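Summary of structural features
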Amino acid sequence: MSHIQFVPAATRKPKPDEGGLGFGRIFTDHMLLADYDVDKGWHGARIVPYGPLSLDPAAAVLHYGQELFEGIKAFRGGDGKVRLFRTEKNCERMAAGAARLCIPPIDPAFMLEMITELVRVEQDWVPRAPGTALYIRPTLIATEPFLGVRPAKTYTFFVVLSPVGAYYAEGIDPVRIWVEAKYVRAARGGLGAVKAGANYAASLLAGEEAKKKGYAQVLWLDAIEHRWFEEVGTMNLFLRIGDEVVTPPLGGSILDGVTRDTAITLLREWGAKVSERPVSIDEVREAHARGELREVFGTGTAAVISPVKELCYHGESLVVGDGKMGELSRRLYDTITGIQYGKLPDTRGWLR
Ligand code: PMP
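Section: the overall build of the protein chain
For the protein chain, the helix and strand inventory stands at seven helices and 17 strands. Scaling as 2.2 N^0.38, a compact globule of 352 residues should have a C-alpha radius of gyration of about 20 Å, and the protein chain matches this with 21 Å. Split into buried and exposed, the 352 residues of the protein chain put 50% on the buried side. Contacts in the protein chain between residues far apart in sequence, at least 24 positions, make up 70% of those at least 6 positions apart. Here the protein chain has roughly 15,900 Å² of accessible surface; of this, 53% comes from carbon and sulfur atoms. Considering the protein chain, the positive charge centre built from 43 side chains and the negative charge centre built from 44 side chains are found 2 Å apart.

Right under this line is the structure:
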């Protein structure tokens, strides 16, 4: 793209061993940058050698957290082709989130073009081993050096890329989840529907305490009644109760997940009854008592589907189904990853 400048790196890093990639520690040779100011708008899109940013210590992002990010993956199929999955939705979500944070949004079509171009430049970094991917991290930060509390006047957009290992390298093992009745992730009217760094800062302590108690993640409840299910860790939540699949509605405090939308679409195509409706801990305890809590799982870009085998609420343990990965969870996982890696046909126009 002629309007994305390219400054190639003088030296290239050796590619890592694909067996030990882990998550988010290794970065590629180049990154993408663009800047915003009031006169020029978004401008100066450029792919440059990967390296530290230079920020004024008074930059607004460092003080008031005016920041949001995205999480996307590029997949290499067995045919060698590199595919992006529904990335336009991430670009639209970032534009909507930016507006909530008083950050001038980037045109989603241009953001998609910038990401595509960076991945094209770095395509040799998309790993080949099964289940691996190139993780894409677009980020928007307020850079203006000013300590007054108001929206900043200058911003930087950057995209870094990180080859990541298979999430389920040791096979899918359903997790135990702590239903969090003390800490709250987000309240309606707040930032919960935005991928703002602030939400993740708010979630850390609950996550650490749950891990100490032997749980993989927390299940977040609503901020007012502490009864209504919201999300699970950094994933959207689905429950199969009897013959109904329930997922909490997008009420402003949870993220509009791309995988959530994908799961709803597929489940409906398969004829499942899917309800986007509020679901409370009371309903789930009753369903469990009747033996109707058949599946619980999280959906997200990182794991795709994360099955839950047990919920712990105030010391009470609710075992989900037979404690193994459920039938719908398995079918969703196989179908979504099948499409992402080009093993199943893309009949819905989800790939680029
Ligand atoms: N909720 C939160 C809080 C998240 O961080 C994520 C990960 N982006 C999700 C849900 C799942 O969203 P997606 O399916 O778009 O990855």
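Some remarks on a nonpolar patch on the surface
A cluster of nonpolar residues, Leu 53, Leu 55 and Leu 62, forms a patch on the protein surface that exposes about 250 Å² of accessible area. In this fold, Leu 62 is placed in helix α1 (residues 60-64).

Digging into the environment of Tyr 155
In this structure, Tyr 155 sits in strand β8 (residues 155-164). The buried category is assigned to Tyr 155, whose relative accessible area is 1%. Excluding its chain neighbours within four sequence positions, the residues that come into contact with Tyr 155 are Ala 34, Asp 35, Tyr 36, Trp 42, Gln 66, Cys 102, Ile 103, Pro 104, Ile 141, Ala 142 and Thr 143. Only 3.3 Å separates the side chain of Tyr 155 from the backbone oxygen of Cys 102, close enough to count as a polar contact.

A short note on the site of the ligand
For the ligand, the set of nearby residues contains 15 residues, the closest of which are Lys 195, Tyr 200, Glu 231, Thr 259 and Thr 301. Within the backbone of Val 258, a nitrogen or oxygen atom sits 2.8 Å from an oxygen atom of the ligand. In this structure, Thr 301 approaches the ligand through a side-chain N or O atom, which is 2.6 Å from an oxygen atom. Protein coverage of the free-state accessible area of the ligand, which is 380 Å², stands at 95%. Most atoms of the ligand, that is more than half of them, are within 2 Å of grid points of the largest pocket. Mapped onto the shell around the ligand, the elements with two or more residues apiece are β12 (235-241), α5 (258-269) and β15 (293-300). The residue makeup of the shell around the ligand, split by class, is four nonpolar, seven polar and four charged.

Here we look at the packing of helix α2 (residues 87-100) against helix α3 (residues 108-121)
The description of two helices packed together rests on the angle between their axes and the distance between the axes. Packing of α2 against α3 brings their axes to within 9 Å, and their N-to-C directions diverge by 125 degrees. On the basis of their axis angle, the class for α2 and α3 is oblique. Read as a crossing pair, α2 and α3 show a hand that is right-handed. Contact residues: α2 offers Thr 87, Glu 88, Asn 90, Cys 91, Glu 92, Met 94 and Ala 95, while α3 offers Pro 108, Met 111, Leu 112 and Ile 115. Split by residue class, the contact of α2 with α3 holds seven nonpolar, two polar and two charged.

Remarks on empty space enclosed by the protein
In the structure shown here, the tally under the stated rule is two cavities of 30 Å³ or more. Every residue lining the largest cavity is counted, 14 residues in all, and those nearest its centre are Phe 85, Val 258, Thr 259, Thr 301 and Gln 340. Within the residue set of the lining of the largest cavity, elements represented by two or more residues are β5 (72-76), α5 and α7 (327-340). Taken together, the residues of the lining of the largest cavity sort by class into six nonpolar, seven polar and one charged. Lining of the second largest cavity is provided by Arg 294, Glu 295, Val 296, Pro 307, Val 308, Val 320, Lys 324, Met 325, Gly 326 and Ser 329.

Quick word on the packing of aromatic side chains
Taken as a whole and judged by the stated rule, the model has eleven aromatic pairs. Consider the rings of Phe 75 and Tyr 341, whose centres lie 5.1 Å apart with planes at 70 degrees: the pair is edge-to-face. Of this pair, Phe 75 sits in strand β5 while Tyr 341 sits in the segment after α7, and the two are 266 residues apart along the sequence. Centroid distance Phe 238 to Phe 297: 5.2 Å. Interplanar angle 0 degrees. Geometry classified as stacked. Highlighted residues: Phe 238 in strand β12 and Phe 297 in strand β15, separated in sequence by 59 residues. On the accessibility criterion, Phe 238 (0% relative accessible area) is buried. Every member of this aromatic cluster is reached through a ring pair, and the members are Tyr 36, Trp 42 and Tyr 155.

Focus: unusual backbone geometry
One non-glycine residue, Cys 102, lies in positive phi territory at about 60 degrees. Along the chain, the position of Cys 102 falls in the loop between α2 and α3. Judged by relative accessible area, which is 47%, Cys 102 ranks as partly exposed. Located in the positive-phi region is His 314, a residue other than glycine, with phi close to 50 degrees. Within the element layout of this structure, His 314 appears in the loop between β16 (304-313) and β17 (316-319).

Conventions used here
- Residues numbered from 1 in each chain as written.
- Predicted model: local features only at pLDDT ≥ 70, side-chain atom pairs only at ≥ 80, totals over all residues.
- Heavy atoms only, no water.
- Helix = DSSP H or I, 4+ residues; strand = E, 2+ residues; numbered from the N terminus.
- Rg over C-alpha atoms; globule rule 2.2 N^0.38 Å.
- Buried < 20%, exposed > 50% of the residue type's maximum accessible area, 1.4 Å probe, protein only.
- Contact = heavy atoms within 4.5 Å.
- Areas by Shrake-Rupley, 256 points an atom, 1.4 Å probe, with all protein chains shown as cover.
- Lys, Arg positive; Asp, Glu negative; His and termini not counted.
- Charge placed at Lys NZ, Arg CZ, Asp CG, Glu CD.
- Patch = residues over 30% accessible without salt bridge, like charges linked within 9 Å, V, L, I, M, F, W, Y side chains within 5 Å.
- Salt bridge = Lys/Arg side-chain N within 4 Å of Asp/Glu carboxyl O.
- Polar contact = N/O pair within 3.5 Å; in protein donor to acceptor, adjacent residues only side chain to side chain.
- Near = heavy atom within 4 Å.
- 1 Å grid on protein atoms, 1.4 Å probe; cavity = no way out; pocket = protein on both sides within 12 Å on 5 of 7 lines; lining within 4 Å.
- Sits in = over half its atoms within 2 Å of the grid points.
- Nonpolar A, V, L, I, M, F, W, Y, C, P; charged D, E, K, R; others polar.
- Axes fitted to C-alpha atoms, helices over the stretch in contact; angles between N-to-C directions.
- Parallel < 35°, antiparallel > 145°, perpendicular 65-115°, else oblique.
- Left-handed = near helix turned anticlockwise from the far one by under 90°.
- Points joined across faces, edges and corners; volume = space filled by probe spheres on them.
- Phe/Tyr/Trp six-rings, centres within 6.5 Å; stacked < 30°, edge-to-face > 60°.

So yeah, pure geometry; function would need other evidence.
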